[in-house]
Every structure is written in C-alpha cells, then in structure tokens.
Amino acid sequence: MSESWLDSKMENCVNNSLLYHNPLYLSAIIIQGVSSFLFFPSILVLLWKHPEVTSSHFNLKILLYLNGFSCFGLAVITVWSAVNFFVGLFTHNNSCAMLMSTGFCSEIRAVYLFDFCLVSASHVGIFIERTWATVFVKSYEKQGKRLGIILTIVAVITSAVAVQKAIQQEDMKELLTTCLTFSASKSIGNQIYIMFWVQLVLDSIVTVSHYMLYKFNKHKQQMSVGPLTEQFQRKENVKTLKQITPLLILSNITIVLYILVISVLRLFKNKLPANWYEVIAALLFMMPHMPLMFCALLFLSIYLQKRQAAENQTNLMANHIPLSDQFNVPIQDWDAAYDARHGVDPTENGNNSRPSIWNCWEVKKEYKKSQAQVAAIT
C-alpha cells in the first residue's frame with residue numbers, strides 16, 4: 001500500500017468526519033432513502049387498484065415495464081445506500097472506517113447508472129413504438145410482439161455500453177462517502193456528466209417529437225375518418241401518448257435541474273470547500289426521487305382521467321339529453337297508479353292490501369269466466 005494513498009485517506013478522514021455529521025448532508029440522504037422506500041407501496045397500490053395502466057398493446061406494455069423496472073432498480077439501490085450509510089455511522093467509531101473504495105462500489109453504481117440510462121432509453125423505445133403504431137395504424141393491432149422485444153433489447157444493450165464507456169477509467173482505490181457519489185468522483189466524474197448531457201439532449205429531442213406525434217394523432221382522431229379499427233388505434237395512440245407525456249417531462253426536469261446546477265458548480269469547484277460541494281451535490285441529487293415521482297404522476301393522470309370522465313357524463317346528462325314526458329313522470333305507487341287510471345276504488349274488496357300480482361290473477365279469472373259464458377250462449 002503506497003504512502004500517497006495513506007496520506008489521501010487520512011486527509012479524507014478529516015474532511016469526512018465533519019461531512020458525516022453535517023445536518024444538511026444527513027437530511028439529503030434521509031430524504032432520498034424515504035422517497036425511494038415509498039415507491040414500493042405506491043407501485044403495489046397502483047398495480048392492484050389500477051391495473052388499467054398496463055392494458056395496452058404488448059409492444060408498448062413491455063417498454064412500460066422496462067421503464068418501471070429501471071425505476072425499481074433506482075429505488076432498491078438508493079434505499080440500500082441510505083441504510084448502509086446510517087448503519088456505518090452508528091456502528092463505526094471513526095469516519096475513516098466509513099470510507100468506501102471504488103472497488104467496492106464499482107458494480108453498485110454501475111447498476112444504478114445503467115437503470116438511470118435505461119429510463120431514457122425506454123422513452124426512445126416508446127416513441128419509436130408509438131410512431132410505428134401511427135404509421136401502420138390500419139394493421140398495427142394485428143402485428144406481433146417482435147417490435148417491442150427488439151426495442152427492449154436495443155435499450156438494454158445501449159444503456160450497458162454507455163455506462164461501461166463512462167466508468168471504464170475509474171480508479172479502484174478512490175475513496176467515496178457513498179456509492180452514489182458521482183459528482184465528487186475524480187476519476188469518472190467528467191465522463192459521467194458527458195453521459196448525462198447526452199441523455200438530456202436525447203430526452204429533449206424525444207419530448208419535442210413526442211408532442212408533435214401527439215398533436216398529429218389528435219388531429220386525425222378529430223377528423224373521424226377511416227374504418228373503426230383505424231379510429232380505435234388513433235384513440236389508443238392519443239391516450240397512451242397523453243399518459244406518457246408526464247413521464248418524459250419528469251425525466252427532463254430531473255436531468256436538467258441536476259446537470260445544469262452541478263455543471264455550474266463544478267466550474268467553481270476549486271473555490272468551494274470540498275465538504276460544501278458534496279453537501280450541495282447531495283441536496284440536488286434528483287435521481288433517487290424519480291421512482292416516487294413516477295408513481296405520483298401515474299396516480300395524478302388516473303385521477304384526472306376519471307374526473308374528466310365524470311364531468312363529461314354529468315354534462316351529457318344535464319345538457320345534451322332532452323328529457324321527454326316519460327322522464328318527467330313522478331315516482332308513485334304502482335298499484336295506486338293502476339287503480340287511478342282504471343277508476344277502481346283502492347278500498348274496494350280489500351284491494352289496498354292485495355299485491356299487484358293477485359290483481360292480475362283475478363283479472364285473468366274474470367276474463368276466462370266471461371269467455372265461458374259467451375261460449376255457452378253460442
């Protein structure tokens with residue numbers, strides 16, 4: 001073990017002993033852990049109470065599952081990182097023992113970055129799939145599952161290659177406070193931010209194209225031309241594109257806030273105390289909150305759709321269906337209404353206590369009796 005590495009570790013120990021007890025830094029890790037933990041009950045309630053969120057074509061469904069799987073991975077690693085941090089904080093006597101090497105964190109943060117890249121890659125796949133459904137709107141429902149499987153495989157491979165390129169020069173002896181420390185990493189910090197910038201540009205292009213595709217399908221749907229199968233597919237395209245829009249906006253906001261602010265701070269990194277830079281980076285680390293915001297947006301989308309459907313039904317019943325005289329007939333007792341229409345005294349022969357079916361039976365008997373008398377006379 002080289003002497004320079006020991007000196008570096010001792011210097012980090014002095015700095016991190018203050019960082020580990022900084023209330024802002026601790027608050028950031030607590031909030032990240034709690035936010036990610038709340039994702040699990042939220043997604044269970046979402047799938048149990050609202051299974052309609054997954055009712056779509058297989059090609060789109062597998063890409064949505066891929067997006068949800070990536071959020072699940074982000075949540076699992078974030079919860080583990082927060083728990084591991086506080087377990088070390090309460091069980092170790094000195095801050096040196098809490099420092100983790102890149103060799104220990106390499107695979108963990110590689111998986112985390114892979115899941116984060118997969119979010120953007122799945123958005124690209126969803127856009128391609130919806131574009132395909134728009135172009136081949138007349139026959140898309142009859143097409144198979146090949147497109148969704150191919151797009152899923154391409155998204156996984158692309159994310160894996162991008163992450164491998166970003167972390168291939170990492171220093172295994174570098175010391176980290178947590179495995180999710182990207183900004184303060186000297187060996188791969190710049191490469192990771194290049195990857196983030198590529199994600200930002202890619203998501204921005206997809207979002208603009210996604211909106212144009214939505215407007216096109218909306219226009220075609222309003223024209224109401226073509227066979228019923230084509231109109232149904234247009235309606236499905238509009239509905240799914242509208243549901244996915246908040247997820248794209250969420251991804252862009254998350255990446256933009258983090259990358260722009262941290263990139264500016266990195267320019268003045270040498271003029272800031274090392275601890276304060278890490279505190280600010282931890283507070284602005286938005287990725288751990290993506291899974292919970294993902295569920296919250298789906299809940300909000302479902303709520304708005306149901307409220308809009310209820311309002312449409314209320315307006316339809318109140319303003320667009322003219323009430324005929326039949327709808328204006330007041331509610332009353334059927335037997336009393338029958339007696340009133342036929343001029344029968346309701347107290348005669350105890351009719352007020354007889355059920356209506358008994359009255360029908362009596363009428364039928366009188367009819368048969370009169371028919372027999374006519375036959376006899378004849």
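As annotated in an unreviewed UniProt entry, the protein chain is G-protein coupled receptors family 1 profile domain-containing protein from Caenorhabditis nigoni.

Q: Summarise the pattern of salt bridges; cite the residues concerned and give the values.
A: One pass over the full model with this rule turns up two salt bridges. Note that E129 and R130 form a salt bridge whose closest N and O atoms lie 2.7 Å from each other. Across the pair, R130 and E129 agree in class, each one buried.

Q: Quick rundown of the packing of aromatic side chains? Include the residues and the values.
A: Under the counting rule described, the total for this entry stands at nine aromatic pairs. Measuring from ring centre to ring centre gives 6.4 Å for W80 and F104, while their planes differ by 35 degrees; the resulting arrangement is tilted. Here the residue W80 occupies a position in helix α4 (residues 58-91), and F104 occupies one in helix α5 (residues 102-135), the gap between them amounting to 24 residues. Here F104 falls in the partly exposed class, since its relative accessible area comes to 44%. Pairing F85 with F86 gives two aromatic rings, centres 5.3 Å apart and planes at 90 degrees, and the pair type is edge-to-face. With respect to class, F85 is no different from F86; both count as buried.

Q: Describe the nonpolar core, listing the residues and the values that go with them.
A: Of all hydrophobic cores here, the largest spans 34 residues; its most connected members are Y112, L113, V163, F196 and Y258. The set of elements that each furnish at least two residues to this core consists of α4, α5, α6 (146-167), α7 (189-223), α8 (228-267) and α9 (274-283). Ranked by residues supplied to this core, first place goes to α5 with nine residues. With sequence-adjacent residues up to four places away left out, L113 is seen in contact with V163, I167, F182, I192, M195 and F196. Formed by 15 residues, the second largest nonpolar core is a distinct cluster that contains A28, A82, F85 and F86.

Q: How would you sum up the packing of helix α2 (residues 23-37) against helix α3 (residues 39-49)? Please name residues and give values.
A: To describe two helices that pack against each other, one gives the angle between their axes and the distance between the axes. Interhelical geometry of α2 versus α3 gives an angle of 20 degrees and a closest axis separation of 4 Å. As summarised for this structure, α2 and α3 are arranged roughly parallel, according to the angle between their axes. Seen from α2, the contacting residues are S35, S36 and F37; seen from α3, they are F39, F40 and P41. Residues of the contact of α2 with α3, tallied by class, amount to four nonpolar, two polar and no charged.

Q: Now, about the environment of V161: what can you tell me, with residues and values included?
A: Inspection of the secondary structure puts V161 in helix α6. On the basis of relative accessible area, V161 is assigned to the partly exposed category, the value being 44%. On a C-alpha basis, the gap between V161 and F114 in space is 9.0 Å, while along the polypeptide they are 47 residues apart.

Q: Which residues make up α3, and what values go with them?
A: Working note: α-helix, 3.6 residues per turn, so residues spaced by three or four point in the same direction. Along α3, the positions that sit buried rather than exposed are F39, S42, I43 and L46. For α3, the buried positions fall inside an angular range of 95 degrees around the axis, keeping them on one side. Those residues of α3 that are exposed and angled more than 90 degrees off the buried face are L44, W48 and K49.

Q: Now, about the UniProt feature "transmembrane region" (unreviewed entry) in the protein chain: what can you tell me, with residues and values included?
A: Under the present numbering, the feature "transmembrane region" (unreviewed entry) in UniProt falls on residues 24-48, 69-90, 110-128, 149-167, 192-214, 244-268 and 280-304. Taken as a whole, residues 244-268 contains 96% helix and 0% strand, while its terminal C-alpha atoms sit 37 Å from one another. Taken as a whole, residues 280-304 contains 76% helix and 0% strand, while its terminal C-alpha atoms sit 35 Å from one another.

Q: Quick rundown of the state of the cysteines? Include the residues and the values.
A: Taken as a whole, this structure holds one disulfide when the rule is applied. Between the sulfur atoms of C105 and its disulfide partner C179 the distance amounts to 2.1 Å. Because the sign of the S-S torsion sets the handedness, a value of about -65 degrees for the bond joining C105 and C179 places this disulfide among the left-handed ones. Of this pair, C105 sits in helix α5 while C179 sits in the loop between β2 (175-176) and α7, placing them 74 residues apart in sequence. For the pair formed by C105 and C179, the shared burial category is buried. With no disulfide of its own, C295 has C71 as its nearest cysteine by sulfur position, at a separation of 7.6 Å.

About the criteria used
Residues numbered from 1 in each chain as written. Predicted model: local features only at pLDDT ≥ 70, side-chain atom pairs only at ≥ 80, totals over all residues. Heavy atoms only, no water. Salt bridge = Lys/Arg side-chain N within 4 Å of Asp/Glu carboxyl O. Buried < 20%, exposed > 50% of the residue type's maximum accessible area, 1.4 Å probe, protein only. Phe/Tyr/Trp six-rings, centres within 6.5 Å; stacked < 30°, edge-to-face > 60°. Helix = DSSP H or I, 4+ residues; strand = E, 2+ residues; numbered from the N terminus. Core = buried A, V, L, I, M, F, W, Y, C linked by side-chain atoms within 4.5 Å. Contact = heavy atoms within 4.5 Å. Axes fitted to C-alpha atoms, helices over the stretch in contact; angles between N-to-C directions. Parallel < 35°, antiparallel > 145°, perpendicular 65-115°, else oblique. Nonpolar A, V, L, I, M, F, W, Y, C, P; charged D, E, K, R; others polar. Arc of directions from axis to C-beta. UniProt positions renumbered as here; feature names shortened; annotations may be inferred. Disulfide = S-S within 2.5 Å.

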